[in-house]
Amino acid sequence: MWYHKPVINEELLQSLPNLKIVASSGVGIDHLDLNLLSSYGVKASNTPFVVSTDTADLGMALMLASSRRLVEGYQMAVSCDTEYFPADWLGTEVSGATLGIVGMDTIGYKVAERAKGFEMKILYHNRNRRNKEEESAVGAIYCKKIDDLLQQSDFVLLSVNLTPQTHKLIGKRELELMKPTATLINISRGLVVDQDALVEALQNKVIKAAALDVTYPEPLPRDHPLLKLKNVIITPHIGSATKKTRRLMMENMTESIQAGLTGLPVPNEVL
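Residues numbered from 1 in each chain as written. Predicted model: local features only at pLDDT ≥ 70, side-chain atom pairs only at ≥ 80, totals over all residues. Heavy atoms only, no water.

A. Summary view of the nonpolar core. Among the nonpolar cores identified, the biggest contains 29 residues, and Leu175, Leu184, Leu198 and Leu226 are the most heavily contacted of them. Those elements that provide at least two residues to this core are helix H7 (146–152), strand E6 (155–158), helix H9 (195–203) and strand E8 (209–212). When residues of this core are assigned to their parent elements, the largest contribution, five residues, is made by H9. Beyond its immediate sequence surroundings of up to four residues, leucine 226 is in contact with Gln195, Leu198, Val199, Leu202, Leu212, Leu220, Val232 and Ile234. One finds Leu58, Leu62, Val94 and Ala211 within the second-largest nonpolar core, a separate group that totals 27 residues. (Core = buried A, V, L, I, M, F, W, Y, C linked by side-chain atoms within 4.5 Å. Buried < 20%, exposed > 50% of the residue type's maximum accessible area, 1.4 Å probe, protein only. Helix = DSSP H or I, 4+ residues; strand = E, 2+ residues; numbered from the N terminus. Contact = heavy atoms within 4.5 Å.)

Here is the structure:
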């Protein structure tokens, strides 16, 4: 499967009685009905580790681009209407700011490693707390309650899998807990955020800005209000989109398929 295609449903499974494995690109498995696959004796795999470095890089890129208003700055610099650069055109500091990471698995931890280089104070919320050595290595502080992280962070970065528990994890209540000067960064899945609540929060200055690599749907309808807001940066779900990583993803999928066909243990099998 590439970009969630083809859709794996019961009709397809019935038409492929000899199917042994579905190899899906990327980390997320929210598009797979694992119980349905299991009922047909079909295994599933993904490519969770090869995408983590590039996705963490993009998370930092979105943070920097949003805080320093790079998209607006570019538009000003190249506009035919620009006669001078205003002296009061200002961005927000990243170095020394507080970053709250929601979801501290592989990608989230790599973001923390990068943020340490910017001397950021790092908070994180996760289902399972990291061990003390891992926390110490990046200077991360665990927040058992997500509310504590939201209230303290200058930047909130989402790096969680989409599950029933994380569906619209960030809604109106959570956005209102954030600082009015805070920025929300989403590199996980669009449905982790209540988009209607986000639009309202951005329009009413409940939070300062948002930087999103993911939305729902993708792409957004061309008249969607998020596309009209200057305090929003949206990229087309490109967390893993580098030549090297996409090649490694395909190699991982091929290895899983070969193992599935020969009865060997499947690398990165989703259980």
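B. Spatial organisation of the pairing of strand E3 (residues 98–102). Buried residues dominate E3, accounting for five of its five residues. Side chains of E3 alternate between two faces, with Thr98, Gly100 and Val102 and Leu99 and Ile101 buried alike. Sheet topology places E3 next to strand E4 (residues 121–125); five bridges connect them, and they run parallel. For threonine 98, the partnering residue across the bridge sits in E4 and is lysine 121. Regarding the hand of the β-α-β motif, the stretch spanning E3, helix H5 (residues 106–116) and E4 is right-handed. Note: E3 against E6, four bridges, orientation parallel. Across the sheet, the residue bridging to glycine 100 is valine 156, located in E6. (Pairing = 2+ DSSP bridges. Right-handed = clockwise from strand over helix to strand, strands pointing away.)

C. Highlighting the layout of surface pockets. Considering only enclosed or pocket space, the second largest pocket measures out at about 510 Å³ in volume. Arg69, Glu72, Lys230, Asn231 and Val232 are, among the 24 residues lining the second largest pocket, the residues nearest its centre. Breaking the lining of the second largest pocket down by element, the ones donating at least two residues are helix H3 (52–67), helix H4 (70–78) and strand E9 (232–234). At five residues, the largest contribution of residues to the lining of the second largest pocket is made by H4. A per-class count over the lining of the second largest pocket returns eleven nonpolar, eight polar and five charged. (1 Å grid on protein atoms, 1.4 Å probe; cavity = no way out; pocket = protein on both sides within 12 Å on 5 of 7 lines; lining within 4 Å. Points joined across faces, edges and corners; volume = space filled by probe spheres on them. Nonpolar A, V, L, I, M, F, W, Y, C, P; charged D, E, K, R; others polar.)

D. Spotlight on H3. With 16 residues, H3 extends 23 Å from end C-alpha to end C-alpha; this agrees with the ideal 22 Å at 1.5 Å per step. Extensive coverage of H3 is indicated by the burial of twelve of its 16 residues. With its phi angle positive at about 55°, arginine 69 sits one or two positions after the end of H3. (Expected span 1.5 Å × (residues − 1).)

E. A look at the sheet that holds strand E7 (residues 183–186). The sheet built from seven strands is open, its strands ordered E5-E4-E3-E6-E7-E8-E9 with parallel pairing. Bordering the open sheet on either side are strand E5 (140–142) and E9, each of which pairs with just one other strand. On average, adjacent strands in this sheet sit at an angle of 15° to one another, irrespective of strand direction. Relative to E8, E7 runs parallel, the two sharing four bridges. When the sheet's bridge partners are listed, isoleucine 185 is paired in E8 with alanine 211. (Axes fitted to C-alpha atoms, helices over the stretch in contact; angles between N-to-C directions.)

F. Main features of the pattern of salt bridges. One pass over the full model with this rule turns up eleven salt bridges. The residue arginine 114 makes a salt bridge to aspartate 57 at a minimum N-O spacing of 2.6 Å. A residue pair is termed long-range when its members are at least 10 positions apart, and arginine 114 in helix H5 and aspartate 57 in helix H3 qualify at 57 residues. The class of arginine 114 is partly exposed, set by a relative accessible area of 23%. A relative accessible area of 35% places aspartate 57 in the partly exposed class. (Salt bridge = Lys/Arg side-chain N within 4 Å of Asp/Glu carboxyl O.)

G. Region of the structure containing the packing of aromatic side chains. For the structure shown, the criterion picks out one aromatic pair. When the ring of tyrosine 124 is compared with that of tyrosine 142, the centres are 5.2 Å apart and the planes differ by 55°; the resulting orientation is tilted. Of the two residues, tyrosine 124 is situated in strand E4 and tyrosine 142 in strand E5; the sequence distance between them amounts to 18 residues. (Phe/Tyr/Trp six-rings, centres within 6.5 Å; stacked < 30°, edge-to-face > 60°.)

H. Inspection of the UniProt feature "domain: D-isomer specific 2-hydroxyacid dehydrogenase catalytic" (unreviewed entry) in the protein chain at higher detail. Mapped onto this numbering, the UniProt entry gives "domain: D-isomer specific 2-hydroxyacid dehydrogenase catalytic" (unreviewed entry) at residues 3–270. Spanning residues 3–270, this segment combines 36% helix with 13% strand, and its end C-alpha atoms are found 17 Å apart. (UniProt positions renumbered as here; feature names shortened; annotations may be inferred.)

I. Region of interest: the UniProt feature "domain: D-isomer specific 2-hydroxyacid dehydrogenase NAD-binding" (unreviewed entry) in the protein chain. UniProt's feature table lists "domain: D-isomer specific 2-hydroxyacid dehydrogenase NAD-binding" (unreviewed entry) at residues 60–239, given in the numbering used throughout. Across residues 60–239, the secondary structure splits into 32% helix and 16% strand, with the terminal C-alpha atoms separated by 11 Å.

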